[in-house]
Amino acid sequence: MSLFLPKLACKKDIDEVIKIVAEKVVVLRFGRDEDSVCLQLDEILSKTAHDLSNMASIYIVDVDKAPIYTRYFDISYIPSTVFFFNGQHMKVDYGSPDHTKFVGSFKTKQDFKDLIEVIYRGAMRGKMIVQSPIDPRNIPKYDLLYHGI
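Structural notes, computed from the coordinates. Just so it is clear, the structure is predicted and the values come from calculations on it, not from any experiment. (Residues numbered from 1 in each chain as written. Predicted model: local features only at pLDDT ≥ 70, side-chain atom pairs only at ≥ 80, totals over all residues. Heavy atoms only, no water.)

**Some details on unusual backbone geometry**
Heads up, the rule is: Helix numbers and strand numbers start at the N terminus; a helix is a DSSP run of H or I with at least 4 residues, a strand a run of E with at least 2. Each residue's exposure class comes from its accessible area (1.4 Å probe, protein chains only) as a fraction of the maximum for that residue type: buried when under 20%, exposed when over 50%, partly exposed otherwise.
Note the cis peptide between isoleucine 78 and proline 79, where omega equals -5°. With respect to the helices and strands, proline 79 occurs in the loop between helix H3 (67–72) and strand S4 (80–85). In this structure, glutamate 23 is a non-glycine residue whose phi angle is positive, near 60°. Tracing the backbone shows glutamate 23 in the loop between helix H1 (11–20) and strand S2 (25–31). Using a relative accessible area of 40% as the deciding quantity, one classes glutamate 23 as partly exposed. We note that asparagine 86 has phi near 50°; this positive angle belongs to a residue other than glycine.

**Some points on the pairing of S4**
Where a strand is regular, its side chains alternate between the two sheet faces. Just so we agree on the cut-off: Strands pair, by our definition, only if DSSP identifies at least two bridges between them.
Most of S4 is tucked away, with six of its six residues classed as buried. Here S4 shows no split at all, with Ser80, Val82 and Phe84 on one side and Thr81, Phe83 and Phe85 on the other all buried. As defined by bridge partners, S4 adjoins strand S6 (residues 102–103) across two bridges and the pair is classed as antiparallel. Note on S6: the bridge partner recorded for threonine 81 is phenylalanine 102. Counted along the chain from S4 to the antiparallel partner strand S5 (residues 88–93), the turn is two residues long, and its residue asparagine 86 has a positive phi close to 50°.

**Details of the state of the cysteines**
Quick note on the threshold: What counts as a disulfide here is a pair of cysteine sulfur atoms lying within 2.5 Å.
Applying the stated criterion across every chain, the model contains zero disulfides. Free of any disulfide, cysteine 10 has its nearest cysteine sulfur in cysteine 38, 19 Å distant.

**So, H1**
How we decide: Note that the arc is defined by the directions from the helix axis to the C-beta atoms. Two residues qualify as a contact provided that any one of their heavy atoms is within 4.5 Å of a heavy atom in the partner residue.
Residues Ile14, Asp15, Val17 and Ile18 constitute the buried set of H1. In an axial view of H1, the angular spread of the buried residues amounts to 165°, which keeps them on one side of the axis. The exposed set on the far side of H1, more than 90 degrees from its buried face, consists of Lys12, Lys19 and Ile20. Turning to H1, the residues buried within the fold contact strand S1 (7–8), S2, strand S3 (56–62), H3 and S4.

**Comments concerning the packing of helix H2 (residues 36–49) against helix H4 (residues 109–124)**
Here is the rule: Think of each axis as a best-fit line through the C-alpha atoms, taken over the contacting stretch in the case of a helix, with angles from 0 to 180 degrees between the N-to-C directions. Angles below 35 degrees are treated as roughly parallel, those above 145 as roughly antiparallel, those between 65 and 115 as roughly perpendicular, and all remaining angles as oblique. By definition, any crossing whose near helix is turned counterclockwise from its far helix by less than a right angle is left-handed, and any crossing with a clockwise turn is right-handed. Under the scheme applied here, ten amino acids are nonpolar (Ala, Val, Leu, Ile, Met, Phe, Trp, Tyr, Cys and Pro), four are charged (Asp, Glu, Lys and Arg), and all others, including Gly, are polar.
Packing of H2 against H4 leaves a shortest axis separation of 9 Å and a crossing angle of 60°. Relative to H4, H2 is oriented oblique. Here the hand of the crossing between H2 and H4 comes out right-handed. Between H2 and H4, the contacting residues are Ile44, Leu45, Lys47 and Thr48 on the first element and Lys109, Phe112 and Lys113 on the second. Tallied by class, residues from the contact of H2 with H4 come to three nonpolar, one polar and three charged.

**Thoughts on the pattern of salt bridges**
Worth spelling out the cut-off: What makes a salt bridge here is a side-chain nitrogen of Lys or Arg within 4 Å of a carboxyl oxygen of Asp or Glu, nothing more.
A full pass over the atoms with the stated rule returns nine salt bridges. Between lysine 113 and aspartate 51 there is a salt bridge, with the nearest N and O atoms lying 3.0 Å from each other. Of this pair, lysine 113 sits in helix H4 while aspartate 51 sits in the loop between H2 and S3; the two residues are 62 residues apart in sequence, bridging distant segments of the chain. Among the residues examined, aspartate 51 registers a relative accessible area of 48% and is labelled partly exposed. Close ionic contact of aspartate 135 with arginine 137 constitutes a salt bridge, the shortest N to O distance being 2.5 Å. Exposure remark for aspartate 135: the relative accessible area of 28% places this residue in the partly exposed category. Assessed through its relative accessible area of 70%, arginine 137 is described here as exposed. By sharing partners, the salt bridges in this structure join Lys7, Arg29, Asp33 and Asp42 into a single network.

See below:
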């Protein structure tokens, strides 16, 4: 399904999108095209991309082609979805220790739409962190991994 979503192939492409896209949420899905959970998420992203086109621009990033961002956002599990608005990293409180990214796939298209709307509205009000509207039962649980501590 990721055939329908634009792919960013290197750090330069990612940096450019983050800087250039204005007044929209930039959604970066980090993962691998052959991963089944990534494909499940890609299906949700591609089916909602048109409906959210006024609020969000959605991109696919291969974790192996963007190692700098993979390390920077500590992407240990895929898929991981990161959000930006006007060049600023948007954080979301999912009720987990990590507010920098959403790990795993969304359970429903509506969960993703609701999250984008909350991020967009919060960002338009100048907020850098927003509260997740997703039911906590629909948020995948995982343990944070700290390497080299």
